[in-house]
Amino acid sequence: MSGRILIIDPVPTNRIVLKVKMMAAQYVVDTCNNCAEAIELMCKVQPDLVLINLLDKAEDGFAFCRKLRENRATRDIAIVSTGVAATAKARFRALDAGADDVLPRPINDALLLSRVRNLLRRRNAGMDLLHRDAADRTFGFEEEPAPRLSPARVSVIGYRAADTVNCVNTLQDGLRQSVQMVSGAQQFVTMLERGTPDVLILQGADEMIEQTALLQMVCDFRARVQTRHTAQLVIVPAQDHDLAAMLLDLGATDVIFADAPDAELVLRTQRLIANKTADDHLRDRVRKGLQAAVTDPLTGLYNRRYAEAHLQRMVKHSEASSQPYAVVMIDLDHFKSINDRFGHAAGDMVLQELSGRLKSAMHDGDLVARIGGEEFLIALPDTDIAAAEMTGERLRKLISGTPFSIGKGRDPLTVTASVGIAVHSEALDSAPDDTTLGHVFERADAALYTAKSAGRDAVSVWSSAA
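Fair warning: this is a prediction, and the values are worked out from it, not measured in the lab.

### A short note on the sheet that holds strand S11 (residues 325-332)
Link 1 in the chain: Taken in spatial order, the five strands line up as S12-S13-S11-S14-S15 in an open sheet, and their pairing is mixed. The sheet is open, and its two borders are formed by strand S12 (367-370) and strand S15 (459-461), each paired with just one other strand. On average, adjacent strands in this sheet sit at an angle of 15° to one another, irrespective of strand direction.
Link 2 in the chain: Where S12 lies against strand S13 (residues 375-381), four bridges are found, and the strand directions are antiparallel. Across the sheet, the residue bridging to Leu367 is Ala379, located in S13.

Below is the structure:
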């Protein structure tokens, strides 16, 4: 099923008609007579979307909507009003109370279903981010979205200058910030180089733009990498419900009819800004969480988990291209004595500086990872024995040639490292068992042991005689 919908309407006929329509669209549907029944029902099952008739006992309905929005557990439930008084004031009150949209009666079926799909799609996208962020929240990161520290970027695209200017002025007065005016989609695409807007408002009611071009524009902006997360609010001709429905299904975040009051335009834009800010905050946290999962917190290098996955990809590349690859193991000599003599803080400084040196010394396609306490791994694609040995010797000198800082008031410390290298190539490895990644690791470890046994501060390359 696509989602669970709760219908709240005191009129039995309305409930039955809406339930039949929603069930025909394969939604799970619950119905109730009033808001009190709805609250009791929601203690047992939580809907994804609420269809509520605010025409009867309106004050109770408005209070119910506000209560949903104020409660952390229910604030993300989509709300659609299926009935208010036929006035702009009543419509605005419903939106201001928390409704995502207000659909007048008689309800246009196409617009109703497209709006339901649109809101559930947005809710599901937000829930996906929340689920991916669950690990962070488990560890205590349950904070509210960070407040926006700078004005949102809002752009208005239109072809008729007078209408576009009026829209921009309305938004600037209501949002109390500057709004960018753009003449046509082509200019907007050019201006993307200077930054991506948070909210994009399209003057779809402009007679100078054809309907087909408008639909293509919405699809194009949703598909572009730069604007795929930008909220799109489309202004459509009054009462053109079919166009509004198509736009919502094609990727518009919201639609508003051209005869709506200025206050509604501002309110919808403010809500889109708030939602975009919250989603950006979640995406940023997910991104940081993913980065933390594969990154060593002390050095900023990749950790063993990422290194193993990267090496598997490198092996596949080697098999496909018949090119050799090398694994370099680096282990700091007598590192325990550094911690014992100068403290762990000094040891951490050595590890951090070493990480910086290794990263700056390698090419973009090479992998540098910390896989143990003082043990580092470097993976070199398309590298033969001679090139790998030269790289190992260069890194050995890079470590021992310049002393490491271990804090103020202390002389820099000379540190050495042992380096073990293993290379895999079809020419060297004829036996099937010798071509696995595990065997290459074993060879690199064996070479590292040889370098340690040879007195340390040395480079050793694995060979069958080792």
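The discussion continues.
### Observations concerning the state of the cysteines
Link 1 in the chain: With the rule as written, the count across this model stands at zero disulfides.
Link 2 in the chain: Between Cys65, a free cysteine, and Cys35, which holds the nearest cysteine sulfur, the sulfur-to-sulfur gap is 7.2 Å.

### A look at unusual backbone geometry
Link 1 in the chain: In this chain, Arg105 is followed by Pro106 through a cis amide linkage whose omega measures 0°.
Link 2 in the chain: Look at Gln239: it is not a glycine, yet its phi comes out positive at around 70°.
Link 3 in the chain: By secondary structure assignment, the location of Gln239 is in the loop between strand S9 (231-236) and helix H10 (241-250).
Link 4 in the chain: Residue Gln239 is classed as exposed on the basis of its relative accessible area, which comes to 55%.
Link 5 in the chain: You will see that Ser322, though not glycine, has its phi angle at about 60°, which is positive.
Link 6 in the chain: By the secondary structure assignment, Ser322 is in the loop between helix H12 (304-321) and S11.
Link 7 in the chain: Here Ser322 falls in the exposed class, since its relative accessible area comes to 54%.

### Quick look at the sheet that holds strand S5 (residues 101-102)
Link 1 in the chain: Ordered in space as S2-S1-S3-S4-S5, the five strands form an open sheet in which the pairing is parallel. This sheet does not close on itself; its edge strands, each paired only once, are strand S2 (28-32) and S5.
Link 2 in the chain: When strand S1 (residues 4-8) meets strand S3 (residues 49-52), the two strands line up parallel, connected through four bridges. The partner of Ile8 across the bridge, within S3, is Ile52.
Link 3 in the chain: The strands touched by helix H1 (residues 12-24) are S1, S2 and S3; relative to S2, the strand with the most contacts, the crossing angle is about 170°.

### Let's talk about the packing of aromatic side chains
Link 1 in the chain: All told, the structure shown has one aromatic pair when counted by the stated rule.
Link 2 in the chain: With 3.8 Å between their ring centres and 15° between their planes, Tyr302 and Tyr306 make a pair best called stacked.
Link 3 in the chain: Between the NZ or CZ atom of Arg357 and the centre of the ring of Phe404, over which it lies, the distance is 3.7 Å.
Link 4 in the chain: In this arrangement the basic side chain of Arg443 is found over the ring face of Trp462, its NZ or CZ atom lying 4.5 Å from the centre.

Cut-offs used in this document
Chains are numbered independently. Their residues run from 1 in the order of the written sequence. Note on the predicted model: pLDDT of at least 70 is required for a residue's local features to be given, and 80 or more for side-chain atom pairs to be given and counted; whole-chain, interface and lining totals, by contrast, use all residues. Here the side-chain values reflect all heavy atoms present in the structure, with hydrogen atoms and water set aside. One requirement defines pairing of two strands: DSSP has to find at least two bridges between them. Only runs of H or I of at least four residues qualify as helices and only runs of E of at least two qualify as strands under DSSP, and these elements are numbered from the N terminus. Note on geometry: axes are lines fitted to C-alpha atoms, helical ones only across the stretch in contact, with angles between N-to-C directions running from 0 to 180 degrees. The criterion for a disulfide is a pair of cysteine sulfur atoms lying within 2.5 Å. Relative accessible area decides the class of each residue, using a 1.4 Å probe on protein chains only: under 20% of the type maximum gives buried, over 50% gives exposed, and in between gives partly exposed. Every residue pair with non-hydrogen atoms within 4.5 Å of one another is taken to be in contact. Whether two aromatic rings pair depends on their centres lying within 6.5 Å, for rings of Phe, Tyr and Trp, where Trp uses its six-membered ring; planes under 30 degrees apart make the pair stacked, over 60 edge-to-face, and the rest tilted. For a Lys NZ or an Arg CZ to count as sitting over a ring, it must be within 6 Å of the ring centre and within 35 degrees of the ring normal.

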